[in-house]
Amino acid sequence: LGRDVFQKLEELVKTHHRVEWRVVGSNPVKRHYDKFCKRHNGYIHHWHETTKDEYGNYIDSYTYEIVNRR
C-alpha cells in the first residue's frame, strides 16, 4: 500500500500545479512524507496540538504542500 501511495504522489506532483495533504504527528509514515516533501522542495506546516487521539490527548498535525513553479 505504501509504495502505491508514493507512486500516486509522484504522479500528482508531475501533473498538478499544487499538491497538499495532511497527517497527524503520531503516524509512523510521517518521516517518509518529510523526505518526499524535501526531495520535491515542498513546505511542511507544523500545527501544534490540533487533533485529539482516542485517549483525549492533543497531538500535532502537519500539512505538506508541494507547488510546481514551471
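In the block above lies the structure referred to throughout.
Everything quoted here is computed from the prediction, not taken from an experiment. Numbering of residues starts from 1 in each chain and follows the order in which that chain's sequence is written. A pLDDT threshold of at least 70 governs which residues receive local features in this predicted model, and a stricter bar of 80 or more applies before side-chain atom pairs are shown or counted, although totals over entire chains, interfaces and linings include all residues. Calculation of side-chain values draws on the structure's entire complement of heavy atoms; hydrogens and water are dropped beforehand.

Visitor: Tell me about the pattern of salt bridges, residues and numbers included.
Guide: Salt bridge, as applied in this entry: a Lys or Arg side-chain nitrogen positioned within 4 Å of an Asp or Glu carboxyl oxygen. Per the counting criterion, the structure on display carries five salt bridges. The closest approach of N and O atoms between Arg 18 and Glu 65, which form a salt bridge, is 2.9 Å. With Arg 18 in strand 1 (residues 18-24) and Glu 65 in strand 3 (residues 58-67), the pair connects residues that are 47 residues apart, well separated along the chain. Each member of the salt-bridge network shares a partner with another, and the members are Arg 18, Glu 20 and Glu 65. Only DSSP runs of H or I reaching four residues or more are called helices, and only runs of E reaching two or more are called strands; each is numbered from the N terminus.

Visitor: Lay out the sheet that holds strand 2 (residues 43-52) in plain terms, naming residues and giving numbers.
Guide: Pairing within the open sheet is antiparallel, and its three strands lie in the order 1-3-2. One side of each edge strand has no neighbouring strand; the edge strands of this open sheet are strand 1 and strand 2. Between one strand and the next, the sheet's axes are offset by a mean angle of 20°, whatever the strand orientation. With seven bridges connecting them, strand 2 and strand 3 associate as antiparallel partners. Pairing of Lys 52 across the sheet is with Tyr 58, part of strand 3. Helix 2 (residues 30-39) rests against strand 1, strand 2 and strand 3 of the sheet, and its axis sits at about 25° to strand 3. Only when DSSP finds a minimum of two bridges between them are two strands counted as paired. Here an axis means a line fitted to C-alpha atoms, over the contact stretch when the element is a helix, while the angle between two N-to-C directions is reported on a 0 to 180 degree scale. Here, residues are in contact when the closest pair of their heavy atoms is within 4.5 Å.

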